[in-house]
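Read off the chains here:
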Amino acid sequence: GKAVPGLRSYSCTVCGKELGSEPINLSEEEIASYFKEGCSAMTYEQVARDPDTYNGEKAAFTGEVIQVMQEGDTYMLRVNVTPVSYGYKDTILVLYTAKSGDQRILEDDVVTLYGTMAGMYTYETVMGAELTVPLMSAQYVEY
């Protein structure tokens, strides 16, 4: 299996008595790798059509950033995630807190997102209309 942070203990295979233990520490790279491996590639149609089924599920999307709203190291991104012949379509909203040393995310960046789906989110557009889109809380963004 995969190592997880915590404590590993050793026991006697005959009597079951615990013989000792040692801490297991993972690097940031290992933690990121294990998280990303646990994310399933999803489609916009899956998460938009049946958001309750995917709420809380780890997901991966690749798409084009069409809008960046940034406050400090916190981002709210609108990302088109369905590839088409001329780019991408179908928007999801992504919340992301950048890690120290991350490059800034800009409009038109093509990114791969790894995170947890959080249902649907309704917001008011600049034109005053309401728009409801799938929401993701991203733990990792590659660009």
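You'll find the structure just up there.
I will try to describe carefully the structure that is included in this document. (Residues numbered from 1 in each chain as written. Predicted model: local features only at pLDDT ≥ 70, side-chain atom pairs only at ≥ 80, totals over all residues. Heavy atoms only, no water.)

### Some points on the side chain of Thr91
Considering the arrangement of structural elements, one finds Thr91 in strand β6 (residues 87–97). Take Thr91: its relative accessible area is 15%, and that puts it in the buried class. Within the local environment of Thr91, its side chain forms a polar contact with the side chain of Asn80, the two groups lying 2.5 Å apart. (Helix = DSSP H or I, 4+ residues; strand = E, 2+ residues; numbered from the N terminus. Buried < 20%, exposed > 50% of the residue type's maximum accessible area, 1.4 Å probe, protein only. Polar contact = N/O pair within 3.5 Å; in protein donor to acceptor, adjacent residues only side chain to side chain.)

### A word on the environment of Lys89
Here Lys89 is to be found in strand β6. Judged by relative accessible area, Lys89 falls into the partly exposed class, the value being 39%. Distance from Lys89 to Tyr44, taken between C-alpha atoms, is 9.3 Å for residues 45 residues apart in sequence. Setting aside residues up to four positions removed in sequence, Lys89 forms contacts with Asn80, Val81, Thr82 and Val84. (Contact = heavy atoms within 4.5 Å.)

### Considering the side chain of Thr112
You can see Thr112 is positioned in strand β7 (residues 110–124). Judged by relative accessible area, Thr112 falls into the buried class, the value being 19%. Side chain to side chain, Thr112 and Thr62 meet in a polar contact 3.0 Å long. Sequence-distant contacts of Thr112, that is, excluding residues within four places in its chain, are made with Phe61, Thr62, Tyr140, Val141 and Glu142.

### Here's the deal with the pairing of strand β8 (residues 130–142)
With four bridges joining them, β6 and β8 adopt parallel strand pairing. Following the sheet pairing, Leu95 is matched in β8 by Ser137. Sheet topology places β7 next to β8; eleven bridges connect them, and they run antiparallel. Paired with Gly115 across the bridge in β8 is Ala138. As consecutive antiparallel partners, β7 and β8 are separated by five residues, and within that stretch Gly128 has a phi angle of approximately 90°, a positive value. (Pairing = 2+ DSSP bridges.)

Interpretation in functional terms is not warranted from these geometric data alone.
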